[in-house]
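Listed below are the residues making up each chain.
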Amino acid sequence: VSAIRQQVNGPGRPWLAAAARARRASEPLLVAGVVALLAGAVVAGRSAGIGEVAEVETFVLVFVSILVEALPFILLGALVSAAIAVYVPEAFFARIGRLPVGLQLPGAAFGGLFFPVCECGSVPVARRLILRGIHPSAGIAFMLASPIVNPVVLASTWVAYSGRGSAAEMVLGRAAFGLGLAALVGIAIGRLAPATLLRPRPSSVEPHDHAGCASPWTRRGRGAEFVAHLAADFVFMGKFIVLGAAAAAAIQSVVPQDIVAGIAGSPVLAALALMGLAFALSLCSQADAFVAASLTSFTPGAQLAFLVFGPMADTKLVLLYGGTFRQQFALRLIVIAVPFLVVASLVFDALLT
Amino acid sequence: VTRSTAVARTIVLAAWATVFALLWALDEGPRYLGPRTQWVLPFGALALGLAALAHGVLAATQRRPSSPLTRAEATGSFVLLLPVAAILLVPQPELGAQAAAKKGGSNAVLVAQLPRSGGPIRDTLRAPFIDVAVATASPAEGSALGLVAGARVRIHGLVVHDAAASGTFGLARFFISCCAADALPIVIPVDAGAAARPPEDEWLLVTGTLRPRGRNLVVAAAALERTEAPSSPYVSLSDFGTTPPAPATRASTKPESEAPVPLADRGAAGFTGRAARVYRSYYEHCKVFTYEALAWPKRARDAEEAARLFAGPARQYQRPAYLGCLAGLEAGEARITLKELFSRMAAAGER
């Protein structure tokens, strides 16, 4: 980069150098401009008395409370995934690949208990596992189960439901249906040979490229790399939870109650609607329980469908799957998961009452 | 990671660390979080603060030349700063009657989900809010708790004009488990007799007697006391809604038969000219709404502000007064027909 820059800044091209300088200088200006814009909006909004409108108050309260609850868990998840990315050698995974398939599949599914990676982290890990000789069924089962059956996620689910006396049921239900669905999809799709399952070339969507994690700080030691990973993950996942919290707050403050109640009233429709919401919101599994618990008009079964479906299939994951697996992987996954979870949500509601 | 990216990420981390630290320091936690999840504030402040510090130091000592932020990175940082702006825009949001109407389903279903404090209650005047709510929605369970018709109770909550409530108005508290996002409104129907219906979102301490109404019970109010919002506005598994003692001046010496304190009886203080005439037409004849409600959707803090708001051009402020008058007519409290009222209003407007 610096070589190119020197070329650009070389003699005879002073205008280019000036342009580069202007661009560098304009960036802090842009940041300052955005901050000033936000500050201006706040001042204008306050003088207009927007905070006195009941809908706005409810929206902000719900929005902020979900974020205050969820962001520490996002940070915790980013902490663990950064630690794995930086400190755990890949050779460790290769050792598991030598076990028989009958052991690998349940082992991989439960592996999530010891590998608290987020869903975007588990996709490239699974790809690496399959390439290194782990059975595809086991690799897929690990990929789908680990964002659900991991300590940080189960802890946040527990916290989200603890005040209502249904924490144990929700945690157990989420873990059981998550493991079951992951194993089912692993068996159904993983019979394909790795060559027909995976995309041939290493994809451009690698572990945390999307989070801008390819760190130039590597030479400054693992500690620096760890901090860079952490911040990148926090910003990458944080923006999804902000949008998710905004959607949940809108449902509670602005969307007419008749519409919500109409959908929530039918068990099948409610489960389908919440799965659709989970797909659209692309929440991080470490924090999605707080959004699910806020959807109090819906039955616990429908909330459970939201909690199991979201970590397996959402907008950002479909992009990742597309870059990792051959076509139709995501489609097959959804075709299996949706009916399974509709039935699961009905069963769960029946068990609870 | 370019320097600008690093700076943007540091700003985001530092901003959120500040939010957590401030909410914790200012004791704003109970507004957003349930009693069991308060720990996330100090934890978040500490963890985010450390991350921001470490990242900031690395960004500041980085020697690589800077280059522009990617668009995705800039968007992510901007999105993460929006909630901070929202907090600054509405620094002390409250759940009120609007949220209760929006979130509420069937009150009986909600109350059935609630925990119970258990054992029989000796001093019914100190019965927690949740238990009184259970007793009004399901008298059979109430009698197991010792809350039967005739028992004297004191409840603290905010006023909602719930159409389904069988009393004059409802007194609501929100039950929260994890954070304000999962709050469920619990409404106790209150029958204030001939007294005017207080405006929504007002915090009241109601002392009264449980009386049967259909299959349920209502609280027949003997005294209504305006209060400030409590520091922990919600009820939860660990706070069933303890009732503050009544102020000493009007303590339990008050006889049961005494008429309720007329909340709305403040006259048209502060109004002048047309505003005063319109106000009086509604107030005198309908006896339902006060100047706070007339100034809806803004909330007037005092008579002066109410007068300013009400005298303004926005006719929509008068809609709640009209609805209130309608309610007064239906309840047989208004001393005037709507037709007569309208003609008086028109005359008041012309003059």
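Procedures and definitions
- Each chain has its residues counted from 1, following the order in which its sequence is written.
- The order in which chains are written sets their letters, starting at A; the order in which ligands are written sets their numbers, starting at 1.
- Since the coordinates come from a predicted model, pLDDT governs what is reported: local features require at least 70, and pairs of side-chain atoms require 80 or more to be given and counted, while whole-chain, interface and lining totals use all residues.
- Note that water and hydrogens are dropped before the side-chain values are worked out from all heavy atoms of the structure.
- Working definition: helices are DSSP H or I runs of at least four residues, strands are E runs of at least two. Numbering for both runs from the N terminus.
- Classification of residues uses two cut-offs on accessible area relative to the type maximum, computed with a 1.4 Å probe and protein chains only: under 20% is buried, over 50% is exposed, and between them is partly exposed.
- By the convention used here, residues are in contact when the closest approach between their heavy atoms is within 4.5 Å.
- Each accessible area is a Shrake-Rupley result for a 1.4 Å probe, and residues are judged covered by the shown protein chains and nothing else.
- Any residue with relative accessible area above 30% and no salt bridge may belong to a patch, with like charges joined within 9 Å and the nonpolar Val, Leu, Ile, Met, Phe, Trp and Tyr side chains within 5 Å.
- Whenever a carboxyl oxygen of Asp or Glu lies within 4 Å of a side-chain nitrogen of Lys or Arg, that contact is scored as a salt bridge.
- Counting of polar contacts relies on pairs of N or O atoms within 3.5 Å, with two restrictions inside protein: one atom must be capable of donating a hydrogen and the other of accepting it, and residues adjacent in sequence are counted only when both atoms are side-chain atoms.
- Gly is placed with the polar residues, together with every amino acid not listed as nonpolar (Ala, Val, Leu, Ile, Met, Phe, Trp, Tyr, Cys and Pro) or charged (Asp, Glu, Lys and Arg).
- At least two bridges found by DSSP between two strands is the condition for calling them paired.
- Whether two aromatic rings pair depends on their centres lying within 6.5 Å, for rings of Phe, Tyr and Trp, where Trp uses its six-membered ring; planes under 30 degrees apart make the pair stacked, over 60 edge-to-face, and the rest tilted.
- Working rule: Lys NZ or Arg CZ, within 6 Å of ring centre, within 35 degrees of ring normal, means a charge sits over the ring.
- Nine residue types can take part in a nonpolar core, namely buried Ala, Val, Leu, Ile, Met, Phe, Trp, Tyr and Cys, and a core is a set of them joined through side-chain atoms within 4.5 Å.
- Axis definition: a line fitted to C-alpha atoms, limited for helices to the stretch in contact. Angles are taken between N-to-C directions and run from 0 to 180 degrees.

Asker: Give me the overall build of chain A: which residues, what numbers.
Answerer: Secondary structure assignment for chain A yields 17 helices and zero strands. Counting all 353 residues of chain A, 53% fall into the buried class. Long-range pairs, those at least 24 residues apart, make up 83% of the contacts in chain A between residues at least 6 apart in sequence. Total accessible area on chain A stands at roughly 14,500 Å², and carbon and sulfur atoms take up 70% of it.

Asker: Break down the overall build of chain B for me, citing the residues and quoting the values.
Answerer: Helix and strand counts for chain B come out as 13 helices and five strands. Sorting the 351 residues of chain B into buried and exposed places 52% on the buried side. Considering only intrachain contacts with a sequence separation of at least 6, the fraction spanning at least 24 residues in chain B is 69%. Accessible area for chain B stands at about 15,700 Å²; split by element, carbon and sulfur atoms hold 57% of it.

Asker: Mind laying out the environment of P230 of chain B, listing which residues take part and the relevant values?
Answerer: Residue and element names in this part refer to chain B. With respect to the element layout, P230 can be found in the loop between strand 5 (216–226) and helix 9 (273–286). Distance in space between the C-alpha atoms of P230 and W203 is 8.6 Å, their sequence separation being 27 residues. Contacts of P230, omitting those with residues within four sequence positions, involve H156 and W203.

Asker: I'd like to hear about a nonpolar patch on the surface, residue by residue, with values.
Answerer: The grouping of L30 and V34 of chain A together with F78 and L82 of chain B at the surface amounts to a nonpolar patch, some 320 Å² of accessible area in total. At the level of elements, helix 2 (14–47) of chain A together with helix 4 (71–89) of chain B are the ones that each hand at least two residues to the nonpolar patch. You can see L82 of chain B is positioned in helix 4. For L82 of chain B, a relative accessible area of 35% gives the class partly exposed.

Asker: Tell me about the side chain of S345 of chain A, and name the residues and values.
Answerer: Structurally, S345 of chain A is set in helix 17 (residues 329–352). Accessibility expressed as a relative area gives 2% for S345 of chain A, which makes it buried.

Asker: Describe unusual backbone geometry, listing the residues and the values that go with them.
Answerer: All names here are of chain B. Positive phi is not limited to glycine here, since D27 has a value of about 60°. Counting through the fold element by element, D27 comes out in the loop between helix 1 (3–25) and helix 2 (29–32). Residues other than glycine seldom take positive phi values, yet D201 does so here, at roughly 70°. As for its placement among the helices and strands, D201 is situated in the loop between strand 3 (184–191) and strand 4 (203–213).

Asker: Can you break down the interface of chain B and chain A residue by residue, with the values?
Answerer: On the chain A side, the residues contacting the 73 residues of chain B number 68 residues. The interface formed by chain B and chain A includes six residue pairs in polar contact (both at pLDDT 80 or more). Among the secondary structure elements, those contributing two or more residues to the side of chain B that touches chain A are helix 1, helix 2, helix 3 (40–61), helix 4 and helix 5 (97–103) of chain B. With 15 residues, the top contributor of residues to the side of chain B that touches chain A is helix 4 of chain B. Classifying every residue of the side of chain B that touches chain A by side-chain character gives 49 nonpolar, 13 polar and 11 charged.

Asker: How would you explain the pairing of strand 3 of chain B if you had to name every residue and give the values?
Answerer: Residue and element names in this part refer to chain B. For strand 3, the tally of buried residues reaches seven of eight residues, placing the bulk of the element in the interior. Relative to strand 3, strand 2 (residues 169–175) runs antiparallel, the two being bridged by seven bridges. Bridge pairing in strand 3 places G170 opposite P189. As paired elements, strand 3 and strand 5 share two bridges and run parallel to each other. Bridging across to strand 5, D191 finds its partner in A220.

Asker: Tell me about the side chain of T10 of chain B, residues and numbers included.
Answerer: Residue and element names in this part refer to chain B. Along the chain, T10 turns up in helix 1. A relative accessible area of 15% places T10 in the buried class. At 2.9 Å, the side chain of T10 forms a polar contact with the side chain of H55. Those residues in contact with T10 that sit more than four places away from it in its chain are A52, H55, G56 and A59.

Asker: Explain the pairing of strand 2 of chain B residue by residue, including any values.
Answerer: Among the seven residues that make up strand 2 of chain B, seven are buried, leaving the element largely enclosed by the rest of the structure. Here strand 2 of chain B shows two buried faces, one formed by F169, L171, R173 and F175 of chain B and the other by G170, A172 and F174 of chain B.

Asker: Go over helix 8 (residues 151–161) of chain A, please, and point to the residues and values.
Answerer: Residues and elements named next belong to chain A. Counting buried positions along helix 8 gives eight out of 11 residues, so the element sits mostly inside the fold. Along helix 8, the residues classified as buried are V152, V153, L154, S156, T157, V159, A160 and Y161. Buried residues belonging to helix 8 abut helix 3 (54–87), helix 9 (167–189), helix 14 (288–294) and helix 15 (300–309). Its side-chain oxygen at 3.0 Å from the backbone nitrogen of V152, N150 defines the N-terminal cap of helix 8.

Asker: Tell me about the pattern of salt bridges, and please be specific about residues and values.
Answerer: Residues and elements named next belong to chain A. Going through the model one piece at a time under the given rule, you end up with five salt bridges over all chains. Residue D288 pairs with R174 through a salt bridge whose shortest N-O separation is 2.9 Å. Residue D288 is located in helix 14, and its partner R174 is located in helix 9; the two are separated by 114 residues in the primary sequence. When sorted by exposure, D288 lands in the same class as R174, which is buried.

Asker: Hey, could you go over the packing of aromatic side chains for me, with residue numbers and the actual values?
Answerer: Counted under the stated rule, the structure contains nine aromatic pairs over all chains. Through successive ring pairs, a cluster of aromatic residues spans F73 and F290 of chain A together with W39 and F43 of chain B. Stacked on the ring of F129 of chain B, the Lys or Arg R173 of chain B has its end atom at 5.8 Å from the ring centre.

Asker: So, the nonpolar core: which residues are in play, and what are the values?
Answerer: Of all hydrophobic cores here, the largest spans 135 residues; its most connected members are L144, I241, F290, F306, Y321 and F329 of chain A together with W16 of chain B. Among the elements that take part in this core, helix 3 of chain A stands out by supplying 14 residues, more than any other. With residues near it in sequence (within four places) discarded, Y321 of chain A still touches V123, M143, L144, M312, F329, A330 and L333 of chain A.

Asker: Let's hear about the sheet that holds strand 4 of chain B: which residues, and what values?
Answerer: Residue and element names in this part refer to chain B. Taken together, the five strands give a closed barrel; going around it, the order is 1-2-3-5-4, and neighbouring strands pair in mixed fashion. Neighbouring strand axes in the sheet, compared pairwise and without regard to direction, differ in orientation by 55° on average. In this sheet, strand 5 lies alongside strand 4 in antiparallel orientation, the contact comprising 10 bridges. Across the sheet, residue L210 finds its bridge partner in strand 5, namely V219. Seen against the sheet, helix 7 (residues 129–137) touches strand 1 (152–160), strand 2, strand 3, strand 4 and strand 5 and runs at an angle of roughly 65° to strand 3.

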